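# Results of the structural survey
Listed here are the chains, written in short residue letters.
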Amino acid sequence: MLTATDRYLGRLIALPMLGTLVISAMLLVLDKMLSLFDFVAAEGGPVSVVWRMLANMMPEYLSLGIPIGLMLGILLAFRKLALSSELDVMRGVGLSYGRLLRVPYMYAIALALLNFGIVGFVQPLSRHAYEALRFELRSGALGASIKVGEFTSLGKRMTLRIERSLDGGRNLQGIFVRAVGKDGQTVAVTAAQGSFLATDDPDTIIFRLRDGVLVNDAPKYHSPRILSFSSHDLPIDLPQIERFRGRNVDREKTIIELAKLGHDPTVKPKLRNEIRANFHFRMVEVAMMMLLPLAALAFAIPPKRSTSALGVFLSIVFIVTYHKINEYGQGVGALGRIDPIIALWVPFLLTACLILWMYHVVAHRPGGQPIGALEYAFAQFGKQIGKVLRLGRRRRKPDLAAEGIT
């Protein structure tokens, strides 16, 4: 049963954890949104595809934001307890740090299972869907729009240019079309107006042109044939769109598929290294979440009579650095230079030893502070900055007096 202290601690953790998770995910989304808008605009695709691509990127952003949210949620909760002396009261009535970590570990286990589901099953499928949307944009399968004032290629044998587009593309003006046949025959058309019409054949559309001139030429013609028309239907064969590949990339495989392929003797050694590296990368990322409550507690408690926020800064640097080390380990493991187990689990074990030592110092040494040396250096640096600023103000006052300013 949860006590009143457990429920109080749970509320303290929940708000900063959810806030940090939302903020980190939104920052990643906003950063990606700008590049996606540029990419979709350059490919001439509809704007709606941007939101579909961002939705498919959300599982990846959540897998990064959940550990950060868990770390800062627990850290800020214990920091608040320490600064308000509530933590001393809890310790004074017999609550050990191990007992106080019961609720943080409830959060850690629940979020670790959630993150395992995301990185193991949801993220690979969403990543494949994201790459499929990128492929369809490049291939024109999403109905890439014709850019006004620019030459647009429709397949390999047709070029189109539109001067103006009205009524949402239903009325095109100032049209130039040039098509080349397989036998060397060419057709060049200029028209005042035109519009696209659908046909029963999904691979063919009709471009109905009005008030224009058609020039037809071929190697066997002595001179080009010129035809003026008031209305002319020009059939356009849509280019064949290549089908997107299957989920044959390691990061698009689910965790179960990676485990099976990693033990398949028929898989080539290079591909097996990539699969094993990706599998162990996902596993150490999830396993690390079980150590975050201990690390958060060690970073949260400042020295007595101090309100230093150095621990908050160091916790962010710590978790981001560990993630980058894992990415590097995955890279060298995929190349086959180091066995993926060594490249990823050795840094995990070293980091776990560091976290356990930090927790031991805080929990079992009276007045213990694992980052005490850094706190002291940070405090001294702050004092020196304060002295420089005060000296600058003192020097400024005589200058103002000399100018007659009071």
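Note that the structure is predicted; figures quoted are calculated from it, not measured. (Residues numbered from 1 in each chain as written. Predicted model: local features only at pLDDT ≥ 70, side-chain atom pairs only at ≥ 80, totals over all residues. Heavy atoms only, no water.)

### Section: the overall build of the protein
We apply this condition: Segments assigned H or I by DSSP are reported as helices when at least four residues long, segments assigned E as strands when at least two residues long, and all are numbered from the N terminus. Using C-alpha atoms as the atom set, the radius of gyration is obtained and then compared with a globule rule of 2.2 Å times the number of residues to the power 0.38. Buried, partly exposed and exposed residues are distinguished by accessible area as a fraction of the type maximum, computed with a 1.4 Å probe on protein chains only: under 20%, between the cut-offs, and over 50%, respectively. The contact rule is simple, with two residues in contact once any of their heavy atoms fall within 4.5 Å. The Shrake-Rupley method, run with a 1.4 Å probe sphere, supplies the accessible areas, and residue values consider only the shown protein chains as cover.
Each helix and strand counted, the protein has 11 helices and six strands in total. Over its C-alpha atoms the protein spans a radius of gyration of 32 Å, topping by over 25% the 22 Å that the globule rule assigns to 406 residues. A principal-axis box enclosing the C-alpha atoms of the protein has dimensions of 100 × 85 × 45 Å. Out of the 406 residues belonging to the protein, those deemed buried represent 39%. For the protein, contacts bridging at least 24 residues in sequence account for 65% of all contacts bridging at least 6. Counting only carbon and sulfur atoms, one obtains 63% of the accessible surface of the protein, whose full area is about 23,100 Å².

### So, a negative patch on the surface
Test applied: The patches described consist of residues with a relative accessible area above 30% and no salt bridge, like charges being joined within 9 Å and nonpolar side chains (Val, Leu, Ile, Met, Phe, Trp, Tyr) within 5 Å. Each reported salt bridge corresponds to a side-chain nitrogen of Lys or Arg within 4 Å of a carboxyl oxygen of Asp or Glu. Positive charges are assigned to Lys and Arg, negative charges to Asp and Glu, while His and the chain termini are left out of the count. Charged side chains are reduced to one point each, which is NZ for Lys, CZ for Arg, CG for Asp and CD for Glu.
Negative charge collects at one region of the surface, where Asp-200, Asp-201, Asp-203 and Asp-237 lie side by side. Residue placement: Asp-200 occurs in the loop between strand 4 (186-198) and strand 5 (204-217).

### Section: the sheet that holds strand 4
Short version of the rule: Paired strands are those between which DSSP finds at least two bridges. The axes are straight lines fitted to the C-alpha atoms, using for helices just the contacting stretch, and the angles between their N-to-C directions are given from 0 to 180°.
Pairing is antiparallel in the open sheet, where six strands are placed in the order 1-2-3-4-5-6. Across the chains shown, the open sheet's two edge strands, defined by having one partner strand only, are strand 1 (151-153) and strand 6 (225-237). Here the strands of the sheet are splayed against their neighbours by 30° on average, with no regard to which way each runs. When strand 4 meets strand 5, the two strands line up antiparallel, connected through 12 bridges.

### Considerations on the UniProt feature "transmembrane region" (unreviewed entry) in the protein
For clarity, the cut-off: UniProt positions are given in the numbering used here, feature names are shortened, and annotations may be inferred rather than shown by experiment.
In the UniProt entry, the feature "transmembrane region" (unreviewed entry) is given for residues 12-30, 61-83, 103-122, 279-301, 307-325 and 337-359. A distance of 27 Å separates the end C-alpha atoms of residues 103-122, which is 100% helix and 0% strand. Across residues 337-359, helical content stands at 87% and strand content at 0%; the span's end C-alpha atoms are separated by 34 Å.

### Observations concerning helix 9 (residues 310-334)
Worth spelling out the cut-off: Helices are assigned an expected span. That span is 1.5 Å times one less than the residue count.
Under the 1.5 Å per step criterion, the end-to-end length of helix 9 is 36 Å for 25 residues, consistent within 8% with the ideal 36 Å. Two residues or fewer past helix 9, Gly-336 is found with a positive phi of approximately 85°.

### Some details on empty space enclosed by the protein
How we decide: Cavities and pockets were defined on a 1 Å grid built over protein atoms only: a cavity is a set of grid points that admits a 1.4 Å probe from which the probe cannot escape, a pocket is an open set flanked by protein on both sides within 12 Å along at least five of seven lines, and lining residues are those with an atom within 4 Å of any such point. Grid points are joined across faces, edges and corners, and a volume is the space filled by probe spheres set on the points. Gly counts as polar in this scheme, as do all residues outside two lists: the nonpolar Ala, Val, Leu, Ile, Met, Phe, Trp, Tyr, Cys and Pro, and the charged Asp, Glu, Lys and Arg.
The full count for this structure, using the stated rule, is one cavity of 30 Å³ or more. Of the pockets and cavities examined, the largest cavity occupies roughly 30 Å³. Among the elements of the structure, helix 2 (48-83), helix 8 (292-300) and helix 9 are those that each provide at least two residues to the lining of the largest cavity. Classifying every residue of the lining of the largest cavity by side-chain character gives five nonpolar, two polar and two charged.

### Description of the environment of Ala-132
Tracing the chain through its elements places Ala-132 in helix 5 (residues 102-139). With 24 residues separating them along the chain, Ala-132 and Lys-156 place their C-alpha atoms 23 Å apart.

### Side note on the nonpolar core
Worth spelling out the cut-off: By nonpolar core is meant a set of buried Ala, Val, Leu, Ile, Met, Phe, Trp, Tyr and Cys residues that side-chain atoms within 4.5 Å join together.
Among the nonpolar cores identified, the biggest contains 55 residues, and Leu-70, Met-71, Phe-78, Leu-87, Tyr-97, Met-288 and Phe-299 are the most heavily contacted of them. The greatest single-element share of this core, amounting to 10 residues, is contributed by helix 2. The residues touching Met-71, leaving out its near neighbours within four places in the chain, are Leu-292, Ala-295, Ala-296, Phe-299, Ser-315, Phe-318 and Ile-319. Counting residues in each nonpolar core, the second largest holds 15 residues, with Leu-172, Val-177, Ala-191 and Leu-209 among its members.

### Topic: the packing of aromatic side chains
Here is the rule we go by: Ring pairs are drawn from Phe, Tyr and Trp, using the six-membered ring of Trp, whenever the two centres fall within 6.5 Å, and their geometry is named by plane angle: stacked under 30 degrees, edge-to-face over 60, tilted for the rest. A ring is considered to have a charge above it if a Lys NZ or an Arg CZ atom is located within 6 Å of its centre and within 35 degrees of its normal.
As enumerated under the stated definition, the model contains six aromatic pairs in all. With centroids separated by 6.2 Å and ring planes inclined at 80°, the aromatic side chains of Phe-116 and Phe-121 adopt a geometry described as edge-to-face. Overall, Phe-121 belongs to the partly exposed group, its relative accessible area being 31%. Seen in terms of ring centroids, Phe-196 and Phe-207 are 4.3 Å apart; in terms of plane orientation they differ by 10°. Their pairing is stacked. Of this pair, Phe-196 sits in strand 4 while Phe-207 sits in strand 5, placing them 11 residues apart in sequence. A residue is classified by how much of its surface remains accessible, and Phe-196, at 31% relative accessible area, is partly exposed. A cation sits over an aromatic face here: Arg-225 above Tyr-221, 4.0 Å from the ring centre.

### Some remarks on the pairing of strand 5
The side chains of a regular strand alternate, first on one face of the sheet and then on the other. Here 12 bridges tie strand 5 to strand 6, and the two strands are oriented antiparallel to one another. Its bridge partner lying in strand 6, Arg-208 is registered against Asp-233.

### Considerations on unusual backbone geometry
Not every positive phi belongs to a glycine, and Ser-85 is a case in point at roughly 65°. On the secondary structure map, Ser-85 appears in the loop between helix 2 and helix 3 (86-92). The backbone of Asp-211 shows a phi angle near 55°, a positive value even though the residue is not glycine.

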